[in-house]
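What follows is each chain in one-letter form.
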Amino acid sequence: MGTDQVSEIYRTHASSVRTYLRRFVPSQEVDDMLQVVFTEAWRSRDRYDPGRSPRAWLLGIAHKRAVDHLRRRRPLTVPLDDAAEPAGDDGRTGATTLAERDRLHRALAELPVAQREAIVLAYYAGLSQREIAERLSVPLGTVKARTSRGLHRLATLLT
């Protein structure tokens, strides 16, 4: 399968794959998942059986990636140790810090899961964007886009 065929398959089947993905992933994550599906289709194009329907092949990839995506999703939780009693002279300084941390966690919770996941892995787990891409099995560009969009949205939410 050549580049022209993959381009034609994208033009022909992207909307039906997008519709299929909407059944499984939140709407704000569908385009990212669509990119993952067609990236995998491109990488595995040598394994495509021309006797098989391209749509069925793509929907099979979409199903597997959507299930993987849903399995990776974990609700954002804060360990109880992180919510310890505020320290400080009279508690106000610590309480302000705790309130700011709570405000940040609430803003993070409003982000789409994919964006939140990229930001949490980068800033809380200390992973590089390349490490995040490897861990999530997505292209590096997808991680960069998710992080950028997420940080922009966080800035909006926090102002």
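The structure we're discussing is the one just above.
Residues numbered from 1 in each chain as written. Predicted model: local features only at pLDDT ≥ 70, side-chain atom pairs only at ≥ 80, totals over all residues. Heavy atoms only, no water.

Caption draft 1: Quick look at the packing of helix 2 (residues 30–43) against helix 3 (residues 54–72). It is the contact of helix 2 with helix 3, at a shortest axis distance of 9 Å, that shows an interaxial angle of 125 degrees. In terms of orientation, helix 2 lies oblique with respect to helix 3. As helix 2 packs across helix 3, the resulting crossing turns out to be right-handed. Where helix 2 abuts helix 3, its residues Met33, Val36, Val37, Phe38, Glu40 and Ala41 lie against Trp57, Leu58, Ile61, Ala62, Arg65, Ala66 and His69. Its residues assigned to classes, the contact of helix 2 with helix 3 comprises 10 nonpolar, 1 polar and 2 charged. (Axes fitted to C-alpha atoms, helices over the stretch in contact; angles between N-to-C directions. Helix = DSSP H or I, 4+ residues; strand = E, 2+ residues; numbered from the N terminus. Parallel < 35°, antiparallel > 145°, perpendicular 65-115°, else oblique. Left-handed = near helix turned anticlockwise from the far one by under 90°. Contact = heavy atoms within 4.5 Å. Nonpolar A, V, L, I, M, F, W, Y, C, P; charged D, E, K, R; others polar.)

Caption draft 2: Main features of the environment of Phe24. Within the secondary structure, Phe24 sits in the loop between helix 1 (3–22) and helix 2. Taking the relative accessible area as the measure of exposure, Phe24 reaches 26% and is therefore partly exposed. Separated by 39 residues in sequence, Phe24 and His63 have C-alpha atoms that sit 8.5 Å apart. Beyond its immediate chain neighbours, meaning those up to four positions away, Phe24 contacts His63, Ala66 and Leu70. (Buried < 20%, exposed > 50% of the residue type's maximum accessible area, 1.4 Å probe, protein only.)

Caption draft 3: Molecular detail of the packing of aromatic side chains. Applying the stated criterion to the full structure yields 3 aromatic pairs. Residues Tyr10 and Phe38 carry aromatic rings whose centres are separated by 4.7 Å and whose planes lie at 75 degrees to one another, so their mutual orientation is edge-to-face. Of this pair, Tyr10 sits in helix 1 while Phe38 is found in helix 2, placing the two residues 28 residues apart along the sequence. By relative accessible area, which is 37% here, Tyr10 ends up partly exposed. A residue is classified by how much of its surface remains accessible, and Phe38, at 10% relative accessible area, is buried. Stacked on the ring of Trp42, the Lys or Arg Arg45 has its end atom at 3.6 Å from the ring centre. (Phe/Tyr/Trp six-rings, centres within 6.5 Å; stacked < 30°, edge-to-face > 60°. Lys NZ or Arg CZ within 6 Å of the ring centre and 35° of its normal.)

Caption draft 4: Inspection of the environment of Val36 at higher detail. Mapped onto the elements of the fold, Val36 is located in helix 2. Accessibility expressed as a relative area gives 8% for Val36, which makes it buried. Each C-alpha atom, one on Val36 and one on Ser137, is 8.7 Å from the other, the two residues being 101 residues apart in sequence. Setting aside anything within four residues of it in sequence, one finds Val36 in contact with Arg65 and Val138.

Caption draft 5: Spotlight on the pattern of salt bridges. Enumeration according to the criterion identifies 7 salt bridges in this entry. Residues Arg65 and Asp68 are paired through a salt bridge, measuring 2.1 Å at the closest nitrogen-oxygen approach. Linking Arg65 with Asp68, this pair stays in helix 3, spanning 3 residues, or about one helical turn. Overall, Asp68 belongs to the partly exposed group, its relative accessible area being 27%. Asp102 serves as the salt-bridge partner of Arg106, at 2.8 Å between the closest nitrogen and oxygen. Taken as a pair, Arg106 and Asp102 lie in helix 4 (residues 92–110) at a separation of 4 residues, close to a single helical turn. Residue classification places Asp102 among the partly exposed residues on the basis of a relative accessible area of 37%. Counted as one network, the salt bridges with shared partners bring together Asp32, Arg146 and Arg149. (Salt bridge = Lys/Arg side-chain N within 4 Å of Asp/Glu carboxyl O.)

Treat this as a map of the structure, not an account of what it does.
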